[in-house]
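Report on the structure
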Amino acid sequence: MTRTTPYLLASPAGLLVAGLLLGPLVLLVRVSLYEPADGRGFFTPGTWTLDNFVAVADPAGLRLLGFTAAFGAAVAAASVGVGYPLALFVRSLGPTAKRIAVAAVILPKLASALVVMFGLQQLLSAAGPVSRALVALGVVPEPVTLSRSVFAALLGEVYLVLPYAVLVLLIQLGRIDPAWEAAARGLGAGRWQAFRRVTLPLTVPGLVLAGQLGLMWGVGAFLGPMLLANPADQTLAVDVHRQAFDRQNWPRAAAGAVVLTLSAAGLGAAFAVAARRLGGGR
Amino acid sequence: MPNTADTSPTSGTGPSSAGVKDLPGCEVDGLTFGYGPTRAVRDVSFRVPEGRFLTLLGPSGCGKTTLLKLIGGYLTPAAGRVRLLGRDVTGWPPERRNAGTVFQSYALFPHLSARRNVSFGLEVRGMPYRTCLDRADALLDRAGLTPAERDRKPAALSGGQQQRVALARALVIKPDVLLLDEPFANLDRLLREQLRGAILQLQPEAGVTTVMVTHDPEEALASSDLIGVMHAGRLLQVGPPAEVYDRPRTPFVARALGDANLIDGAALNRTGTVMVRPERLVIGPDAIFCRWGWTASVRGRAYLGAVTRVELEHPGRPPLRAVVRGADLAAASRLDVGIPEAAVWTIPEAYPT
């Protein structure tokens, strides 16, 4: 290994990041600083303005930002809340059953996200099986549409991010020696105490990473809210799409995209810092 | 389950009835783990009087660690009973048994300091946090850890310190029985010899009943009141070290505790296999006073420091291994060897070898 070898190893990824992320990002920032064209093209060349960012921060824009952040937090909480028990269950299985369970966790990733969303749309529609089951059980008097709701959008996004959360948690749980839990039991801790005092604290790094994944995924959520939520409850990503393609206002869309990128990165970092403070670095 | 006749009169009364002199500290009765031909533990029974130290000796895979886990409650037996201080604890989960275990790799909690590792067992009993830490500190002080070392995580401690923390963690709960799973696997010789001393130093007033598992016969002989030899899931023999060493029931037990000459008994007018320990052979001029004796040629020698081990050979006589002291005997190419009658033990059972 010479001193340049590490850089050579990183160069393919570096080129990808430079070409496909940094380059477009620079363009994006530039576009966000143009004046809108009001129907005569996508933007007005040669102009400079900060008005697009002011527009993102108007009351409607702030509401949008708030909803986006809350949606991200909800995706993070739900994917960790559902993923952790699932990962604990998979860990408790024998070797063969574990392999099958891990495959089953990854399986949804083989289907296109669009297929998943349309499947959920059908499942949760007024004529769908969930609605009919609720009617049959007498929970609701008549068929209900569950598909056009924040809940449906959340469900869709959690469905997409859950496999990653479970894999991250399984890897972390795999680092926990079962002898540590046995030792806790032998010292007088019941199942719950052993979990709370040994297993849980030792899973914290995995929980932080899974939460961070869910948060950043949820803040950038597009398909779920777009296809499953009400037009009134939308995330920033959907709004960027609307501004760019429905209103043909590229500078406004670019400004939204810049804010989205920065807030996703900022929230992810803030989450990591907060988690380190809380967990004492472990 | 077999053995439904529960003979334990003190069932449920707990350690308070420990005044009885001959109370069994740890008793195992017909213990079996697994099913069919793959059973890891087969019909094992023994009784360790309270405060005594039993070592289970055997090669890896003989079921000794499984047996220890059955006593600790980490595994559930297919048949048989476990009694600790007279209480039948079969089927109880580990947290109810009050058995302190030192695991093979110590299994110290990596996220807790040495002090919190030791206080853990007290904390889960609901003892005030301050009291837990004070008791942990007192015990770790006796174990020779400085206050700074007690604040360290296990990864920052030496192997010997980790062993002492593990021992303190197991003893701080005042266990009814102490279970040691190959506690020397990662330690050098000096630290091994200190273990028994460390246990005596750290344990509460009265001695704690101890069951240790090892594959090292020296360890077993040095620290035990009782030695059990295991083979393929069975306990072949259990008894005081001298008894098991001098009067093994099978050739396997004879070899398990140290070097042994196993000779066809016909050569000494006996039937079956007989055992003569190398150090019981008489080498040199005194050999003529023995019941059997001859002059053998030295085929091989290994210098072991205090003694030299020699391999002796003579046509028509059984080959023997012996130990000699002194440069003259160690260098000789021919040696007079004698077998005193008292050194010969006829092994009662032919298997396992």
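What you see is a predicted model; the values in this text were computed from it and never measured.

Nonpolar side chains collect at one region of the surface, where A:V17, A:L21, A:L22 and A:L25 lie side by side and expose about 320 Å² of accessible area between them. Structurally, A:L22 is set in helix 1 (residues 5-32).

Residues and elements named next belong to chain A. Here helix 5 (residues 113-124) spans 16 Å end to end across 12 residues, near enough to the 16 Å set by a 1.5 Å rise per residue. The complete set of buried residues in helix 5 reads V116, M117, L120, Q121 and L124. All buried residues of helix 5 project into a common sector of 140° when viewed along the axis, lining one side. Turned more than 90 degrees away from the buried face of helix 5 sit V115 and Q122, all of them exposed. Those residues of helix 5 that are buried are in contact with helix 6 (129-136), helix 7 (150-174) and helix 10 (223-228). Backbone nitrogen of L114 and a side-chain oxygen of the N-cap are separated by 3.0 Å at the start of helix 5; the cap is S112.

Bringing the pattern of salt bridges into the picture now. Residues and elements named next belong to chain B. As enumerated under the stated definition, the model contains 19 salt bridges over all chains in all. E27 is paired through a salt bridge with R47; the nearest N and O atoms lie 3.3 Å apart. Remark: R47 occurs in strand 2 (residues 41-49) and E27 occurs in strand 1 (residues 24-33); sequence separation between them is 20 residues. Classification of R47 by relative accessible area gives partly exposed; the value is 45%. Across the pair R150 and D137 runs a salt bridge, and its minimum N-O distance is 3.1 Å. Of the two residues, R150 is situated in helix 5 (residues 147-150) and D137 in helix 4 (residues 129-142); the sequence distance between them amounts to 13 residues. Residue R150 is classed as buried on the basis of its relative accessible area, which comes to 8%. A single salt-bridge network, built from bridges that share partners, covers R115, D137, D141, R150 and D151.

This paragraph deals with unusual backbone geometry. Keep in mind that most residues, glycine aside, have a negative phi and that most peptide bonds are trans. Residue and element names in this part refer to chain B. In this structure, the amide linkage connecting Y351 to the following residue, P352, adopts the cis form with an omega of -5°. Its identity as a non-glycine residue notwithstanding, A107 has a phi of 50°, on the positive side. With a relative accessible area of 2%, A107 lands in the buried category.

Every contact between the two is made by 22 residues of chain B and, on the other side, 19 residues of chain A. Counting across the chain B and chain A interface gives two salt bridges. Among the ionic pairs, A:R185 bridges to B:E95, the shortest N-O distance being 2.7 Å. Those elements that provide at least two residues to the side of chain B that touches chain A are helix 2 (94-97), helix 3 (114-123) and helix 6 (159-171) of chain B. Counting residues per element, the side of chain B that touches chain A draws most heavily on helix 3 of chain B, which supplies four residues. Tallied by class, the residues present in the side of chain B that touches chain A amount to 13 nonpolar, three polar and six charged.

Another aspect to go through is the nonpolar core. Counting residues in hydrophobic clusters, the biggest one holds 63 residues, and the most contacted among them are B:F109, B:F120, B:V165, B:L167, B:L178 and B:L180. Here this core gets seven residues from one element, more than from any other, and that element is helix 7 of chain A. Ignoring sequence-local partners within four residues, the contact set of B:F109 consists of A:W180, A:A183, A:A184, A:L187, A:V198, B:N117, B:F120, B:P154 and B:R169. If you look at the next biggest cluster of nonpolar residues, it comprises 25 residues, including B:V41, B:F46, B:V211 and B:V213.

A separate point is the domain arrangement of chain B. Residues and elements named next belong to chain B. One can read the domain layout of chain B as domain 1 (24-98 + 175-255) and domain 2 (260-346). Contact residues are listed per partner, giving seven residues for domain 1 and seven residues for domain 2. Here domain 1 and domain 2 share an interface that buries about 700 Å² over both sides, 57% of which is from carbon and sulfur atoms. Per-residue buried area on domain 1 facing domain 2 is highest for Y245, D246 and A254; these three make up 57% of the total on that side. At the boundary of domain 1 with domain 2, the tally comes to zero salt bridges. Summed over the shared surface of domain 1 and domain 2, the number is four residue pairs in polar contact (both at pLDDT 80 or more).

All names here are of chain B. Strand order in the open sheet formed by three strands is 11-12-18, and the pairing between neighbours is antiparallel. In the strand order of this sheet, the two ends are held by strand 11 (261-264) and strand 18 (345-346), each with one partner. Relative to strand 12 (residues 273-276), strand 11 runs antiparallel, the two sharing four bridges. If you follow L262 over to strand 12, its bridge partner there is M275.

Glancing now at helix 4 of chain B. Residues and elements named next belong to chain B. Along its 14 residues, helix 4 runs 20 Å from first to last C-alpha, staying within 8% of the 20 Å computed at 1.5 Å per residue. Those residues of helix 4 not exposed but buried are C132, L133, A136, D137, L139 and L140. Backbone geometry just after helix 4 places G144 at a positive phi near 85°.

Calculation rules
Residues numbered from 1 in each chain as written. Chains lettered and ligands numbered in written order. Predicted model: local features only at pLDDT ≥ 70, side-chain atom pairs only at ≥ 80, totals over all residues. Heavy atoms only, no water. Patch = residues over 30% accessible without salt bridge, like charges linked within 9 Å, V, L, I, M, F, W, Y side chains within 5 Å. Areas by Shrake-Rupley, 256 points an atom, 1.4 Å probe, with all protein chains shown as cover. Salt bridge = Lys/Arg side-chain N within 4 Å of Asp/Glu carboxyl O. Helix = DSSP H or I, 4+ residues; strand = E, 2+ residues; numbered from the N terminus. Expected span 1.5 Å × (residues − 1). Buried < 20%, exposed > 50% of the residue type's maximum accessible area, 1.4 Å probe, protein only. Arc of directions from axis to C-beta. Contact = heavy atoms within 4.5 Å. Polar contact = N/O pair within 3.5 Å; in protein donor to acceptor, adjacent residues only side chain to side chain. Nonpolar A, V, L, I, M, F, W, Y, C, P; charged D, E, K, R; others polar. Core = buried A, V, L, I, M, F, W, Y, C linked by side-chain atoms within 4.5 Å. Domains from an automatic or database assignment. Buried area = accessible area lost by both parts, 1.4 Å probe. Pairing = 2+ DSSP bridges.

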